[in-house]
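Here is what each chain is made of, one letter per residue.
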Amino acid sequence: MTTTFPRPETLEATRPRFPVWPASTRPAAHGDLTVGGVSLAEAAERFGTPVYLVDEDEVRARCRTYREAFPDAEVYYAAKAFLCRAMAHWVAEEGLGLDVCSRGELELAVTTGFPAEHMVLHGNAKSPDELEAALRLGVGRIVIDCTTEIARIAALVPHGSRQRVLLRIAPGIAAGVHPAVRTGTVDQKFGLSSTDGTAQLAIARVLEQPRLELVGLHCHLGSQIDSAKPYLQAVRRMVALLHWTRQTHDVLLPELDLGGGHAIAYRPGEDALDIRALASRVRAELRSACTTVDLPEPRLLLEPGRAIAGPAGIALYRVLAVKQSGRHTFVAVDGGMSDNPRPALYGVRYAPCLVGRTASAELRPVDVVGRHCEAGDVIASGVELPADIRPGDLLAVPASGAYHLSMASGYNLVGRPPVVAVTGGTARLLVRRESLADVRSRDVGL
Ligand code: LLP
């Protein structure tokens, strides 16, 4: 079956009305919205709440935006943002590779047919199991994160073959919206510092290993970075290290992986990183940095996660309770920090809105909170919702596609929500709800 997708430009044209929603979002009768042609109210009825919807066309369009903006680069979708088998298929069909960081991600993708050759394996503490699986399955590239991994990986490579590896560098750049997601500095656990000589030492050690093929250098600066500047700085520092490698070892490393971290807008008025602008600025910087030291331009690799999955996802919750307490009105829903720990972890706030009924009441500020046993279980504070908000109402939270379900927990044993794909007016279940039976079946002893 051939499916035709709207060009990204057309998608952008429809976005202003619903700036942080998938481009397919449309108003429908009785205060409803449709996404991918599917009514949110009907999806909530059919699949129950909480439920995550993911707009397949939005995911695909976002993959294509990267491919078009970086035609010469290899783009690896960072599976940690959100992975299920369908997602692996969409990403593969759009010509992206996959960045995996655990045996679970690796094997889920491989067993659904994703070519291991187009994967890159990450991790600051890869287990022997993970490395063994990666080599057995033929992962394209392994990103080495510490010097002790060098001999460990080399020892697992079968005689007569070579494993392609990159070295993860901490280039000493502070970028990212929250300290927990700043990974480009030298005072955190990822990468090897290029300022104290650790990275240079590791490069020399990898080059000494006949079973490892050092194909390039990697850095991932952090997450939710809304400016191109840190990437340009990274390009300059990484090119300096590529140059050093050639000068010192007479080896030209052909690849430069700049990781992910591209910001999305969670609430109207917030800025997403402009991927096309990023592409042209990074390319220009790379050209100029390489020309200065007379180095051939390396092939770029990128690993976006959030910017592909995040804006495609919507969380739907049912309101269970409304309470006035002090100066606050609390609107409590049937999910919360077990399906979205991001507000509690990083202080992120979302923009929930009422769907499924028309409300004539005036708007008033409320705090939308979860159902979990912590006061920090807040989805959005001070958001404007109709004053007559009541139990049974449906709230939709856009920009919920990345790092929600992939970070979901079993807190309070409420069970993780299902994932439903919406496209072309059809909704289909991708991941079923975690049931009490699932929870019980893991509890095997008395
Ligand atoms: N590459 C590497 C090596 C990474 O560690 C990550 C994210 C990515 C790529 C993708 O980054 P993205 O484009 O999605 O920002 N839980 C946090 C985000 C942690 C990201 C960890 N690494 C959150 O919810 O914001």
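Residues numbered from 1 in each chain as written. Predicted model: local features only at pLDDT ≥ 70, side-chain atom pairs only at ≥ 80, totals over all residues. Heavy atoms only, no water.

## What to know about the overall build of the protein
So, step 1. A count of helices and strands for the protein gives 13 helices and 21 strands.
So, step 2. Against the 2.2 N^0.38 benchmark of 22 Å for 446 residues, the protein shows a C-alpha radius of gyration of 23 Å, consistent with a compact globule.
So, step 3. Overall, the protein is about 70 × 55 × 50 Å in size when its C-alpha atoms are taken along their principal axes.
So, step 4. Put simply, of all contacts in the protein between residues at least 6 apart along the chain, 68% involve residues at least 24 apart.
So, step 5. Between the averaged position of the 49 positive side-chain charges in the protein and that of its 50 negative side-chain charges there is a distance of 1 Å. (Helix = DSSP H or I, 4+ residues; strand = E, 2+ residues; numbered from the N terminus. Rg over C-alpha atoms; globule rule 2.2 N^0.38 Å. Contact = heavy atoms within 4.5 Å. Lys, Arg positive; Asp, Glu negative; His and termini not counted. Charge placed at Lys NZ, Arg CZ, Asp CG, Glu CD.)

## Remarks on the packing of helix H3 (residues 56-69) against helix H10 (residues 275-292)
In a pair of packed helices, the angle between the axes and the distance between the axes together describe the arrangement.
So, step 1. H10 packs onto H3 with a crossing angle of 25 degrees between their chain directions and a minimal axis gap of 9 Å. Considering their axes alone, H3 and H10 lie roughly parallel with respect to each other. Our pair here, H3 against H10, has a crossing hand that is right-handed. In this structure, H3 uses Thr-65, Tyr-66 and Ala-69 to contact H10, whose residues at the interface are Ile-275, Arg-276, Ala-279 and Arg-283.
So, step 2. In terms of residue class, the contact of H3 with H10 is made up of 4 nonpolar, 1 polar and 2 charged. (Axes fitted to C-alpha atoms, helices over the stretch in contact; angles between N-to-C directions. Parallel < 35°, antiparallel > 145°, perpendicular 65-115°, else oblique. Left-handed = near helix turned anticlockwise from the far one by under 90°. Nonpolar A, V, L, I, M, F, W, Y, C, P; charged D, E, K, R; others polar.)

## What to know about the site of the ligand
So, step 1. Surrounding the ligand, one finds 20 residues, the nearest of these being Glu-303, Arg-306, Arg-342, Tyr-346 and Tyr-403.
So, step 2. Here an oxygen atom of the ligand and a side-chain polar atom of Arg-342 are 2.5 Å apart.
So, step 3. Each residue belonging to the shell around the ligand can be placed in one class, and the counts come to 6 nonpolar, 8 polar and 6 charged.
So, step 4. Each of domain 1 (8-54 + 311-442) and domain 2 (56-308) gives at least three residues to the shell around the ligand. (Near = heavy atom within 4 Å. Polar contact = N/O pair within 3.5 Å; in protein donor to acceptor, adjacent residues only side chain to side chain. Domains from an automatic or database assignment.)

## Remarks on helix H8 (residues 198-207)
So, step 1. The set of residues buried in H8 consists of Ala-199, Gln-200, Ala-202, Ile-203, Ala-204 and Val-206.
So, step 2. Each element contacted by the buried residues of H8 is listed here: strand S8 (141-144), helix H7 (148-156), strand S9 (163-170), strand S10 (192-193), strand S11 (212-218) and helix H9 (229-249). (Buried < 20%, exposed > 50% of the residue type's maximum accessible area, 1.4 Å probe, protein only.)

## Details of the pattern of salt bridges
So, step 1. Across all of its chains, the model carries 24 salt bridges by this definition.
So, step 2. A salt bridge links Arg-64 to Glu-94, with the nearest nitrogen and oxygen atoms 3.2 Å apart. One end of the pair, Arg-64, is in helix H3; the other, Glu-94, is in the loop between helix H4 (85-93) and strand S6 (97-100), with 30 residues separating them in the sequence. The exposure classification of Arg-64 matches that of Glu-94, with both residues buried.
So, step 3. When salt bridges with common partners are traced through the structure, they connect Glu-56, Arg-60, Arg-64, Glu-93, Glu-94 and Arg-428 into a single cluster. (Salt bridge = Lys/Arg side-chain N within 4 Å of Asp/Glu carboxyl O.)

## Concerning the environment of Ile-153
So, step 1. Residue placement: Ile-153 occurs in helix H7.
So, step 2. Expressed as a C-alpha distance, the spacing of Ile-153 and Gln-163, which sit 10 residues apart in the sequence, is 8.5 Å.
So, step 3. In this structure Ile-153 touches Leu-131, Leu-135, Ile-142, Ile-144 and Leu-212, once residues within four positions along its chain are discounted.

## Considering the side chain of Asp-55
So, step 1. Within the secondary structure layout, Asp-55 lies in strand S4 (residues 51-55).
So, step 2. Of the polar contacts made by the side chain of Asp-55, one reaches the backbone nitrogen of Asp-57; its length is 3.0 Å.
So, step 3. Apart from residues lying up to four places away in sequence, Asp-55 is in contact with Pro-22, Ser-24, Val-35, Gly-36, Ala-312 and Val-422.

## Points about the side chain of Asp-334
So, step 1. With respect to the helices, strands and loops of the structure, Asp-334 is situated in the loop between strand S15 (328-333) and helix H12 (342-346).
So, step 2. One buried charged side chain, Asp-334, makes no salt bridge at all; its nearest oppositely charged neighbour is Arg-318, positioned 5.8 Å away.
So, step 3. Within the structure, the side chain of Asp-334 is placed 2.6 Å from the side chain of Thr-49, a separation counted as a polar contact.
So, step 4. From its side chain, Asp-334 meets the backbone nitrogen of Arg-318 in a polar contact 3.0 Å long.
So, step 5. Not counting residues up to four positions away in its chain, the partners in contact with Asp-334 are Thr-49, Pro-50, Tyr-317, Arg-318, Leu-320 and Arg-371.

## Examining the nonpolar core
So, step 1. Membership of the largest hydrophobic core comes to 108 residues, with the highest contact counts inside it found for Phe-70, Tyr-77, Met-87, Leu-98, Leu-167 and Val-368.
So, step 2. Here this core gets 8 residues from one element, more than from any other, and that element is H9.
So, step 3. When sequence neighbours within four positions are dropped, the list of residues in contact with Met-87 reads Val-59, Tyr-77, Phe-82, Ile-308 and Ala-309.
So, step 4. Residues Trp-21, Val-35, Ile-314 and Leu-316 belong to the second largest nonpolar core, which totals 21 residues. (Core = buried A, V, L, I, M, F, W, Y, C linked by side-chain atoms within 4.5 Å.)

## Here's the deal with the confidence of the model for the protein
Do not read the fine detail of predicted coordinates wherever pLDDT is low.
So, step 1. On average, the protein scores 94 in pLDDT, and the residues at 70 or more come to 96%.
So, step 2. Within the model, the stretch residues 1-11 combines pLDDT values under 50 with 12 contacts to residues more than four positions away or in other chains. (pLDDT = per-residue confidence, 0-100.)

## Some words on the sheet that holds strand S1 (residues 26-27)
So, step 1. A sheet is described by the order of its strands in space; here 3 strands give the open sequence S1-S2-S3, paired in antiparallel fashion. Edge strands, defined here as strands with exactly one partner in the open sheet, are S1 and strand S3 (38-39).
So, step 2. Note that strand S2 (residues 33-35) and S3 share 2 bridges and pair antiparallel. Bridge pairing links Val-35 to Val-38 in S3. (Pairing = 2+ DSSP bridges.)

## Quick word on the pairing of strand S13 (residues 299-302)
So, step 1. Two strands pair when backbone bridges link them, and strand S5 (residues 74-78) and S13 are joined in this way by 2 bridges, in the parallel orientation. In the sheet register, Glu-74 faces S13, and the bridge partner there is Leu-301.
So, step 2. As defined by bridge partners, strand S12 (residues 255-257) adjoins S13 across 3 bridges and the pair is classed as parallel. The residue bridging Glu-255 from the neighbouring strand is Arg-299, located in S13.
So, step 3. Read as a crossover between parallel neighbours, the route from S12 over H10 to S13 is right-handed. (Right-handed = clockwise from strand over helix to strand, strands pointing away.)

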